[in-house]
Amino acid sequence: MNNFDKTAYWQDIDQAHHIHPFTDTADLNNRGTRVITRAEGVFIEDSNGKRYLDGMAGLWCVNVGYGRKELAEAAYKQMLELPYYNNFFQCANTPAIELSKVLAEITPEGLNHVFYANSGSEANDTVVRMVHQYWNLKGKPERTTIISRKNAYHGSTVAGASLGGMSGMHSQGGALVRDIVHIDQPYWYGEGGDHTPEEFGLIAARKLEEKIKELGADRVGAFIGEPIQGAGGVIIPPSTYWPEIQRICKKYDILLIADEVICGFGRTGEWFGSDTFDIKPDLMPMAKGMSSGYLPISAVMVGDRVADVLINECGEFTHGFTYSGHPACAAVALENIRILREEKMVERVKDDIGPYFAKALKTLEDHPLVGAVETVGLIAGMPLVDDKKTRKMFDKPGTVGTMCRDACVANGVIMRACGDRMVLSPPLCITKEEIDELVKRARAAFDETAKKLGKM
Ligand SMILES: *Cc1c(COP(=O)(O)O)cnc(C)c1O
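No experiment lies behind these values; they were computed from the predicted model shown.

What counts, and at which threshold
- Residues numbered from 1 in each chain as written.
- Predicted model: local features only at pLDDT ≥ 70, side-chain atom pairs only at ≥ 80, totals over all residues.
- Heavy atoms only, no water.
- Near = heavy atom within 4 Å.
- Polar contact = N/O pair within 3.5 Å; in protein donor to acceptor, adjacent residues only side chain to side chain.
- Areas by Shrake-Rupley, 256 points an atom, 1.4 Å probe, with all protein chains shown as cover.
- Helix = DSSP H or I, 4+ residues; strand = E, 2+ residues; numbered from the N terminus.
- Contact = heavy atoms within 4.5 Å.
- Domains from an automatic or database assignment.
- Buried area = accessible area lost by both parts, 1.4 Å probe.
- Salt bridge = Lys/Arg side-chain N within 4 Å of Asp/Glu carboxyl O.
- Phe/Tyr/Trp six-rings, centres within 6.5 Å; stacked < 30°, edge-to-face > 60°.
- Buried < 20%, exposed > 50% of the residue type's maximum accessible area, 1.4 Å probe, protein only.
- Lys NZ or Arg CZ within 6 Å of the ring centre and 35° of its normal.
- Pairing = 2+ DSSP bridges.
- 1 Å grid on protein atoms, 1.4 Å probe; cavity = no way out; pocket = protein on both sides within 12 Å on 5 of 7 lines; lining within 4 Å.
- Points joined across faces, edges and corners; volume = space filled by probe spheres on them.
- Nonpolar A, V, L, I, M, F, W, Y, C, P; charged D, E, K, R; others polar.
- Expected span 1.5 Å × (residues − 1).
- Disulfide = S-S within 2.5 Å.
- Axes fitted to C-alpha atoms, helices over the stretch in contact; angles between N-to-C directions.
- Parallel < 35°, antiparallel > 145°, perpendicular 65-115°, else oblique.
- Left-handed = near helix turned anticlockwise from the far one by under 90°.

**Quick word on the site of the ligand**
Thinking step 1. Inspection of the region around the ligand gives Ser119, Gly120, Ser121, Asn124, Tyr153, His154, Gly155, Glu226, Asp259, Val261, Ile262 and Lys288 as its neighbouring residues.
Thinking step 2. Here serine 121 contributes a side-chain N or O atom positioned 2.5 Å from an oxygen atom of the ligand.
Thinking step 3. A distance of 2.8 Å separates a nitrogen atom of the ligand from a polar side-chain atom of aspartate 259.
Thinking step 4. Protein chains bury 83% of the 380 Å² of accessible surface belonging to the ligand in isolation.

Put into structure tokens, the structure is as follows:
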């Protein structure tokens, strides 16, 4: 079979049997699946042999880049030695033990214990159960409410979707967990009106205090937020936001949860988004970059305040997964962290490639469609706008974003559209030449989109 016959063969089977995540399957079946067959560095290749620069690191996760043999070898070696054993019933495996120590070292001070799961969603389910059990043990079982934010993303299990603030998910049965409420997001570009970003950061943070007062502090258990909202469109909060959120959490004695599933493991130019924004979380779910996506693994870092109670006053914590601390996944995560450390990839994002990325992308701000270029480390959000001066977005959010995303793919660069915000999150190993290429292809895609809209 030649490549095109092979592609048709896979597309037919896929269409007949495969329901895709977060996909309009009828629409997909009309267009045909893009079958991705291999990858190296920052490039992926489809079954027709077309190469794309992957500006998203898969789904924000392939931090060390594709094709790292050490990770494959770590999994292979561990699978031969001990492919599986659980961490239940007085047992542990050595990769999970060693990974726990390393995670305690690299995460912010005060986070010294870890609970393993397999995905970001499961980590957040775990967080919900920990918050409830913590307050039960503290003799305040009525502190059940968790405050989250509109347009947050915390996963797709029932608890993850409920914690998230995606209205499209809630309307399909995704808001089933009780006592989760959502306040406004700190999205200055879209919602900040005439305020300065600094003023607006305080206004957005004080929505938390208003909500706590409305509910009564004795009913609120925790606040959860991504340091930078990822799937919501890379919403980078104004500098005033996180200090004010932390002041409020302290004042009302509310647990603070930083969802680091995207921000963690170097994305922001520090090990964690909590380092970048000086957040001191009580619970810290993480996943994605933890293994650079080579195998599924996630974890919740548990701060001393919660760990003390959960370990010493709980008896059995009746929660866990068959694959909590899976030895092969833990071995890959360990090797992934070794690479990040040894090759100083996080420092490189902070001091070298991150600043270069910001500077190169900023050149797109002269484009008639691009309202702004907002970056931290190697994550970026760019709103496509109808009117740059007034920051007016297009009607029917998502239409122009989807057009632009398709133009990106046609031009050989993978960029994602979150509504009408174009987002980037490339592998941390990206070179300066590759960034130049990314920007060139992005500009071509923006041009095509603008021409279609009659704006160029
Ligand atoms: C991706 C993501 C999740 C969910 O992770 P899964 O592994 O897809 O379950 C949770 N929180 C954030 C911030 C994410 O970006």
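Following the structure, the description resumes.
**A few points about the environment of arginine 178**
Thinking step 1. Positionally, arginine 178 belongs in the loop between helix H8 (167-174) and strand E6 (180-183).
Thinking step 2. With 73 residues separating them along the chain, arginine 178 and glutamate 105 place their C-alpha atoms 35 Å apart.
Thinking step 3. Contacts of arginine 178, omitting those with residues within four sequence positions, involve His132 and Thr144.
Thinking step 4. Of note is the side chain of arginine 178, whose polar atom sits 3.1 Å from the side chain of aspartate 179.

**Description of the domain arrangement of the protein chain**
Thinking step 1. What the domain assignment reports for the protein chain is domain 1 (34-64 + 344-452) and domain 2 (69-342).
Thinking step 2. One C-alpha centre belongs to domain 1, the other to domain 2; they are set 26 Å apart.
Thinking step 3. Both faces considered, domain 1 and domain 2 share a buried interface measuring about 2700 Å² in area, 61% of it formed by carbon and sulfur atoms.
Thinking step 4. Taken as a group, Trp60, Val346 and Arg391 account for 26% of the area that domain 1 buries against domain 2, more than any other trio of residues on that side.
Thinking step 5. At the junction of domain 1 and domain 2, the tally comes to 1 salt bridge.
Thinking step 6. Those elements giving two or more residues to the side of domain 1 that touches domain 2 turn out to be helix H3 (57-60), helix H15 (345-362), strand E11 (374-376), strand E12 (379-383), strand E16 (416-418) and strand E17 (421-424).

**Quick look at the packing of aromatic side chains**
Thinking step 1. Tallied over the full model, the rule gives 10 aromatic pairs.
Thinking step 2. A ring pair is formed by phenylalanine 22 and tyrosine 153, whose centres lie 6.2 Å apart and whose planes are at 65°; its orientation type is edge-to-face. Of this pair, phenylalanine 22 sits in the loop between helix H1 (3-17) and helix H2 (25-31) while tyrosine 153 is found in the loop between strand E5 (145-149) and helix H7 (158-163), placing the two residues 131 residues apart along the sequence.
Thinking step 3. Their ring planes at 70° and their centres at 5.1 Å tell us that phenylalanine 265 and phenylalanine 272 sit as a pair that is edge-to-face. Just as phenylalanine 265 is buried, phenylalanine 272 falls in that class too.
Thinking step 4. For the cation-ring pair, arginine 51 lies above phenylalanine 43, with the distance from its terminal atom to the ring centre recorded as 4.4 Å.
Thinking step 5. Over the aromatic face of tyrosine 189 sits the side chain of arginine 391, whose NZ or CZ is 5.6 Å from the ring centroid.

**Some points on the sheet that holds strand E3 (residues 51-54)**
To summarise the sheet geometry, strands pair through backbone hydrogen bonds and adopt either a parallel or an antiparallel arrangement.
Thinking step 1. Spatially, 4 strands are ordered E1-E2-E3-E15 in an open sheet, and the strand pairing comes out mixed. The sheet is open, and its two borders are formed by strand E1 (36-40) and strand E15 (413-414), each paired with just one other strand.
Thinking step 2. As paired strands, strand E2 (residues 43-46) and E3 are joined by 3 bridges and run antiparallel to one another. Each bridged residue has a counterpart across the sheet, and for phenylalanine 43 the counterpart in E3 is leucine 53.

**A look at the layout of surface pockets**
Any empty space left between the atoms is revealed when a probe the size of a water molecule rolls over them.
Thinking step 1. When its volume is computed, the second largest pocket comes out at roughly 710 Å³.
Thinking step 2. Together, 25 residues line the second largest pocket, and Asn87, Val114, Phe115, Phe317 and His319 are the ones closest to its centre.
Thinking step 3. Only helix H5 (94-106), strand E4 (111-117) and helix H13 (304-312) provide two or more residues apiece to the lining of the second largest pocket.
Thinking step 4. Here the lining of the second largest pocket gets 5 residues from one element, more than from any other, and that element is E4.
Thinking step 5. The class makeup of the residues in the lining of the second largest pocket is 16 nonpolar, 8 polar and 1 charged.

**Quick look at the pattern of salt bridges**
Thinking step 1. Considering all chains together, one arrives at 30 salt bridges under this definition.
Thinking step 2. For arginine 341, the salt bridge is made with glutamate 105, and the minimal N-O distance between the two is 2.8 Å. Of this pair, arginine 341 sits in helix H14 (residues 327-342) while glutamate 105 sits in helix H5; the two residues are 236 residues apart in sequence, bridging distant segments of the chain.
Thinking step 3. Overall, the relative accessible area of 36% leaves arginine 341 in the partly exposed class.
Thinking step 4. The salt bridge partner of lysine 280 is aspartate 278, with a shortest N-O separation of 3.0 Å.
Thinking step 5. Its relative accessible area of 58% is what places lysine 280 among the exposed residues.

**Looking at helix H17 (residues 432-452)**
Thinking step 1. Taking 1.5 Å per residue, 21 residues should reach 30 Å; H17 reaches 30 Å between its end C-alpha atoms and fits that length.
Thinking step 2. Those residues of H17 lying buried are Glu434, Ile435, Leu438, Val439, Arg441, Ala442, Ala445, Phe446, Asp447, Thr449 and Ala450.
Thinking step 3. Just past H17, the residue glycine 454 takes up positive phi, approximately 70°.

**Comments concerning the state of the cysteines**
Thinking step 1. One pass over the structure, following the stated rule, counts 0 disulfides.
Thinking step 2. Free of any disulfide, cysteine 91 has its nearest neighbouring cysteine sulfur in cysteine 329, separated by 18 Å.

**Brief notes about the pairing of E2**
Thinking step 1. Pairing of E1 with E2, which is carried by 4 bridges, proceeds in the antiparallel orientation. Of the residues in E2, the one forming a bridge with arginine 38 is glutamate 45.
Thinking step 2. Counting the residues that bridge the hairpin from E1 to E2 gives 2 residues, and of these glycine 41 lies at a positive phi of roughly 65°.
Thinking step 3. Taking the residues between adjacent antiparallel strands as the criterion, E2 and E3 are bridged by 4 residues, where glycine 49 takes a positive phi near 85°.

**A word on the packing of helix H10 (residues 197-215) against helix H11 (residues 241-251)**
The description of two helices packed together rests on the angle between their axes and the distance between the axes.
Thinking step 1. Their axes nearest at 8 Å, the elements H10 and H11 cross at an angle of 20°. By the angle class used here, H10 and H11 are roughly parallel. Both H10 and H11 take part in a crossing whose hand is right-handed. Residues Gly201, Leu202, Ala204, Ala205, Arg206, Leu208, Glu209 and Ile212 of H10 form the contact with H11, whose own contacting residues are Tyr241, Glu244, Ile245, Arg247, Ile248, Cys249 and Lys251.
Thinking step 2. Each residue belonging to the contact of H10 with H11 can be placed in one class, and the counts come to 9 nonpolar, 1 polar and 5 charged.

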